[in-house]
Amino acid sequence: MNTTDEVRGAGPGAVEVYYRPRPGDAREALRWRIRKTFRGRIWLLLWLGLPLVPAALGAARGIPPEQTASLAVLVPAVGWYGAYLSLDWRAHRMYRQAARYPEYRCTLSDTGVVTRLPDGTSGEVAWDWCAGFGETRNLFVLLVKENGAVLWLPKRAALTDAELDRAREIHARNLRRL
């Protein structure tokens with residue numbers, strides 16, 4: 001991480017982050033999204049609640065209680081397993097897309113995050129495009145307003161605690177914590 005006063009025209013106090021994507025990053029970001037956003041909780045509720053419908057219908061139609069009890073245990077287990085597989089599949093797709101580039105260079109400033117890729121292309125996410133941010137044990141996670149997508153910046157890019165605090169300060173100054 002580079003916290004020099006002037007990072008490639010980004011202004012004073014900008015932080016430049018270099019990192020390589022890892023498979024667990026996408027999974028951790030998606031887990032954060034499920035726990036912290038309304039949309040994520042609805043997704044989880046659908047995976048866990050919809051499988052209970054057959055058990056409830058069976059009970060309403062007069063299926064014997066022992067069969068209803070076994071359905072009430074088996075069906076949520078299927079829902080949990082489906083939610084896990086769905087989350088794992090989505091995280092794997094996100095990682096595969098991110099792993100197309102060996103290294104990412106992200107500059108955090110008061111205007112937003114600029115990502116530069118090894119092929120020379122770059123993209124910018126302005127802070128007003130984000131609904132907020134959160135922190136996990138290993139990541140800073142940004143939630144995009146328009147589509148609820150998550151963007152992550154690994155904390156492992158920070159060389160010192162001071163640099164990590166500086167990145168945390170930029171996020172907190174420009175976004176609300178979710």
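What counts, and at which threshold
Residues numbered from 1 in each chain as written. Predicted model: local features only at pLDDT ≥ 70, side-chain atom pairs only at ≥ 80, totals over all residues. Heavy atoms only, no water. Helix = DSSP H or I, 4+ residues; strand = E, 2+ residues; numbered from the N terminus. Rg over C-alpha atoms; globule rule 2.2 N^0.38 Å. Buried < 20%, exposed > 50% of the residue type's maximum accessible area, 1.4 Å probe, protein only. Contact = heavy atoms within 4.5 Å. Areas by Shrake-Rupley, 256 points an atom, 1.4 Å probe, with all protein chains shown as cover. Lys, Arg positive; Asp, Glu negative; His and termini not counted. Charge placed at Lys NZ, Arg CZ, Asp CG, Glu CD. Pairing = 2+ DSSP bridges. Axes fitted to C-alpha atoms, helices over the stretch in contact; angles between N-to-C directions. Parallel < 35°, antiparallel > 145°, perpendicular 65-115°, else oblique. Nonpolar A, V, L, I, M, F, W, Y, C, P; charged D, E, K, R; others polar.

Trainee: It is not clear to me how the overall build of the protein should be interpreted in this structure. Could you clarify?
Mentor: For the protein, the helix and strand inventory stands at five helices and seven strands. Listed by position from the N terminus, the elements making up the protein come as β-α-α-α-α-β-β-β-β-β-β-α. For a compact globule of 178 residues, the expected C-alpha radius of gyration is about 16 Å, and the protein comes in at 21 Å, more than 25% above that figure. Its C-alpha atoms put the protein at 70 × 30 × 30 Å along the principal axes. The 178 residues of the protein split such that 41% are buried. In the protein, the share of contacts with a sequence separation of at least 24, taken over all contacts with a separation of at least 6, comes to 57%. If you sum the accessible surface of the protein, you get close to 10400 Å²; carbon and sulfur atoms cover 58% of it. Treating the 26 positive side-chain charges of the protein as one cloud and the 18 negative ones as another, the clouds have centres 8 Å apart.

Trainee: Help me understand the sheet that holds strand S7 (residues 150–154) in this model?
Mentor: The pairing of strands in a sheet comes from backbone hydrogen bonds and takes either a parallel or an antiparallel form. One open sheet accounts for three strands, arranged S5-S6-S7; its pairing is antiparallel. The outermost strands of the open sheet, each flanked by one partner alone, are strand S5 (130–135) and S7. Put simply, the sheet's adjacent strands are angled 20° from each other on average, direction ignored. Sheet topology note: the strand S6 (residues 139–144)/S7 ladder contains five bridges and is antiparallel. Across the sheet, the residue bridging to Leu143 is Val150, located in S7. Where helix H1 (residues 23–36) meets the sheet, its contacts fall on S5, S6 and S7, and the angle it forms with S7 comes to roughly 125°.

Trainee: Explanation requested: the packing of helix H3 (residues 52–60) against helix H4 (residues 65–98) in the structure shown.
Mentor: When two helices pack together, their arrangement is given by the angle between the helix axes and by the axis-to-axis distance. Running from N to C, H3 and H4 point in directions that differ by 170°, and their axes come no closer than 8 Å. As summarised for this structure, H3 and H4 are arranged roughly antiparallel, according to the angle between their axes. Contact with H3, carried on its side by Leu52, Ala55 and Ala59, involves Thr68, Leu71, Ala72, Val75 and Pro76 of H4 and no other residues of that element. Split by residue class, the contact of H3 with H4 holds seven nonpolar, one polar and no charged.

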